[in-house]
Amino acid sequence: MTHLAGQMASSVAGSGGKSVTLQFSDNLLLPLLLGDHDRHLVRIEQAMGVRLSCRGNRIAIAGDTDRVEATQTILQGLWRRLERGESVGRPEVETAIRMAEPDLDPRLPLSDMPAIRTRRGAVGPRSPGQVTYMDALTSHEMVFGVGPAGTGKTYLAVAQAVAMLQAGKVDRIVLSRPAVEAGERLGFLPGDMKEKVDPYLRPLYDALHDMMPADQVIRRMANGEIEVAPLAFMRGRTLAHCFAILDEAQNTTAMQMKMFLTRMGEGTRMVVTGDLTQVDLPAGVTSGLRDALDTVEGVTGIRVVRFDNRDVVRHPLVARIVDAYDQRALAAGDKRREAGLGQEQRDGTGKS
């Protein structure tokens with residue numbers, strides 16, 4: 001069995017600093033850890049703010065103590081993957097970085113992460129927020145997943161739904177979205193009803209096909225075990241013994257959200273996902289997701305999981321784009337407050 005050593009070769013590099021040298025005993029696996037042209041090391045070095053250098057079968061880490069220890073955790077976790085015969089590419093490196101950030105709590109070893117198991121394979125968390133979310137999906141009957149795009153809210157919910165369907169814990173899956181861009185009045189679009197609504201539901205189909213073979217998806221949709229439909233089609237129904245997911249919930253109205261939540265019947269799990277920074281409703285219309293969170297958060301049996309930019313698991317640039325938009329929104333809010341304060345002061349001066 002290959003073996004990781006070298007943690008004893010450490011020394012203090014100054015106030016609050018540390019250096020560690022890791023030695024790897026399998027020279028065939030080491031290039032896979034480093035990546036082509038050491039790109040994995042370069043990415044870890046940039047993300048963690050440490051200095052990495054590789055000589056022979058040794059990797060030296062130097063920097064702030066907490067970041068050196070976090071980087072050590074990353075390299076050890078990736079090495080264990082290689083020892084088990086698993087791949088280490090850019091997604092695995094990015095996941096390891098997110099899971100080992102020293103300012104995140106809790107930190108769990110990459111190899112000890114829980115997983116949702118479908119017949120297509122295991123789906124594991126790739127950020128601390130996803131760990132919390134997956135725990136909520138298994139332990140609560142109603143879960144709200146709220147946060148920016150790319151955090152896996154819908155994907156993991158579909159994975160849990162498929163796992164429960166395949167295990168016989170629910171009889172069917174119901175996936176829904178509000179077709180807000182068409183105002184849920186789809187008559188002006190060409191084609192039959194399926195052709196009209198499919199563009200709005202495509203992300204749900206894509207997630208299903210990632211979890212199941214295509215022929216199984218088609219067969220289960222044909223016999224009613226899987227239903228993908230616009231939110232408007234949920235009115236007047238009772239959803240029993242199923243796993244129901246409402247995606248893009250920020251684009252529901254308050255009445256639509258109440259309608260969906262009250263469809264819940266015996267033996268049903270419900271997941272509601274959305275991003276409150278991407279509301280496409282007409283001006284002046286309150287988002288049903290925001291209204292629901294204000295109303296039901298804290299109710300026994302309901303769990304709300306909030307993701308942030310650190311949980312974005314798409315291309316690393318996506319997280320930086322989301323952060324840039326957030327920073328601009330904060331700056332705009334500060335300007336509005338300053339303008340309001342200035343107006344109040346002028347009004348006060350005029351009155352005196």
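Look up: the structure comes first, before these words.
The shown structure was predicted, so the numbers you read here are calculated from the model rather than taken from an experiment.

Student: Help me understand the overall build of the chain in this model?
Tutor: A count of helices and strands for the chain gives 11 helices and 13 strands. A total of 352 residues make up the chain; the buried ones form 46% of that total. Taking the contacts inside the chain whose residues are at least 6 apart along the sequence as the reference set, 67% of them involve residues at least 24 apart. Carbon together with sulfur atoms contributes 51% to the accessible area of the chain, which is approximately 18200 Å² in total.

Student: Any chance you could explain the pattern of salt bridges here in plain terms?
Tutor: Across all of its chains, the model carries 13 salt bridges by this definition. Across the pair R81 and E86 runs a salt bridge whose closest N-O atoms are separated by 3.2 Å. For R81, a relative accessible area of 17% puts it in the buried group. Overall, the relative accessible area of 31% leaves E86 in the partly exposed class. A salt bridge links D135 to R303; the shortest N-O distance between them is 3.8 Å. Of the two residues, D135 is situated in helix α5 (residues 128–139) and R303 in strand β13 (residues 302–306); the sequence distance between them amounts to 168 residues. Taking relative accessible area as the criterion, R303 reaches 24% and is therefore assigned partly exposed. Look at the salt bridges and you will find they share partners, linking R81, R84 and E86 into a network.

Student: What's the story with the pairing of strand β9 (residues 172–177) in this structure? I'm lost.
Tutor: Remember that side chains alternate between the two faces of the sheet whenever the strand is regular. Buried residues dominate β9, accounting for 5 of its 6 residues. When β9 meets strand β11 (residues 242–246), the two strands line up parallel, connected through 5 bridges. Considered in β11, the bridge of R172 is made with C242. Direction of pairing for β9 relative to strand β10 (residues 226–230): parallel, over a ladder of 5 bridges. Looking at the pairing, L175 lines up with V228 of β10.

Parameters and conventions
Residues numbered from 1 in each chain as written. Predicted model: local features only at pLDDT ≥ 70, side-chain atom pairs only at ≥ 80, totals over all residues. Heavy atoms only, no water. Helix = DSSP H or I, 4+ residues; strand = E, 2+ residues; numbered from the N terminus. Buried < 20%, exposed > 50% of the residue type's maximum accessible area, 1.4 Å probe, protein only. Contact = heavy atoms within 4.5 Å. Areas by Shrake-Rupley, 256 points an atom, 1.4 Å probe, with all protein chains shown as cover. Salt bridge = Lys/Arg side-chain N within 4 Å of Asp/Glu carboxyl O. Pairing = 2+ DSSP bridges.

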